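# Topology and contacts: notes
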Amino acid sequence: MGHRAVVRALVVAGAVLAAMLFAPRARGVVTGDPMPAPVNGFVGAFNGSSCVAVGPFWCITAKHVGGSVDQYVYMQGAQYRVVEIVPHPLYDCEL
């Protein structure tokens, strides 16, 4: 193995190690079974994932779900156009 290949391998190994040491821990609750929506609850769908109504004009979902303004939230048979997204600066959630 040449000098450049060794240096490149060490740089890659160092980058991987740094990413593992300094990356935040991922946390979540994962069940193997689908969970039914509450009968009188306000659980909807946004960008292929779930969201929950937390006010008359607001839903909360995970930031990693993605999505953008002008997409739709589907809840209790109705659709609502997204006009604003407010991501939390530190946690994996957004309104």
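Everything that follows concerns the structure shown earlier in this document.
Residues numbered from 1 in each chain as written. Predicted model: local features only at pLDDT ≥ 70, side-chain atom pairs only at ≥ 80, totals over all residues. Heavy atoms only, no water.

## Topic: a nonpolar patch on the surface
- Taken together, the side chains of V43, V52, V54, F57, W58, I60, V86 and L95 make up a nonpolar region of the molecular surface, amounting to roughly 690 Å² of accessible area.
- Those elements that place two or more of their residues in the nonpolar patch are strand 2 (49–55) and strand 3 (58–60).
- Here I60 lies in strand 3. (Patch = residues over 30% accessible without salt bridge, like charges linked within 9 Å, V, L, I, M, F, W, Y side chains within 5 Å. Areas by Shrake-Rupley, 256 points an atom, 1.4 Å probe, with all protein chains shown as cover. Salt bridge = Lys/Arg side-chain N within 4 Å of Asp/Glu carboxyl O. Helix = DSSP H or I, 4+ residues; strand = E, 2+ residues; numbered from the N terminus.)

## Section: the layout of surface pockets
- Space inside the largest pocket adds up to approximately 550 Å³.
- If you trace the largest pocket, you find 22 residues lining it, with F57, W58, C59, V73 and Y80 closest to the centre.
- Those elements that provide at least two residues to the lining of the largest pocket are strand 2, strand 3, strand 4 (72–75) and strand 5 (78–81).
- Here the lining of the largest pocket is composed, by residue class, of 16 nonpolar, three polar and three charged. (1 Å grid on protein atoms, 1.4 Å probe; cavity = no way out; pocket = protein on both sides within 12 Å on 5 of 7 lines; lining within 4 Å. Points joined across faces, edges and corners; volume = space filled by probe spheres on them. Nonpolar A, V, L, I, M, F, W, Y, C, P; charged D, E, K, R; others polar.)

## Brief notes about the environment of V65
- Secondary-structure assignment places V65 in the loop between strand 3 and strand 4.
- Through-space distance from the C-alpha of V65 to that of S50 is 8.8 Å; in sequence the pair is 15 residues apart.
- If we skip the residues at most four places from it in the chain, V65 touches F46, N47 and S49. (Contact = heavy atoms within 4.5 Å.)

## What about the environment of I60?
- With a relative accessible area of 33%, I60 lands in the partly exposed category.
- For the pair formed by I60 and L95, sequence separation is 35 residues and the distance between their alpha carbons is 4.5 Å.
- Every residue in contact with I60, bar those within four places of it in the chain, is listed here: C51, V52, V54, C93, E94 and L95. (Buried < 20%, exposed > 50% of the residue type's maximum accessible area, 1.4 Å probe, protein only.)

## Side note on the nonpolar core
- Counting residues in each nonpolar core, the largest one holds seven residues, listed as F46, C51, A62, V65, V73, M75 and V82.
- Not counting the four nearest positions on each side in its chain, A62 is found in contact with D92, C93 and E94. (Core = buried A, V, L, I, M, F, W, Y, C linked by side-chain atoms within 4.5 Å.)

None of this, on its own, says anything about what the molecule does.
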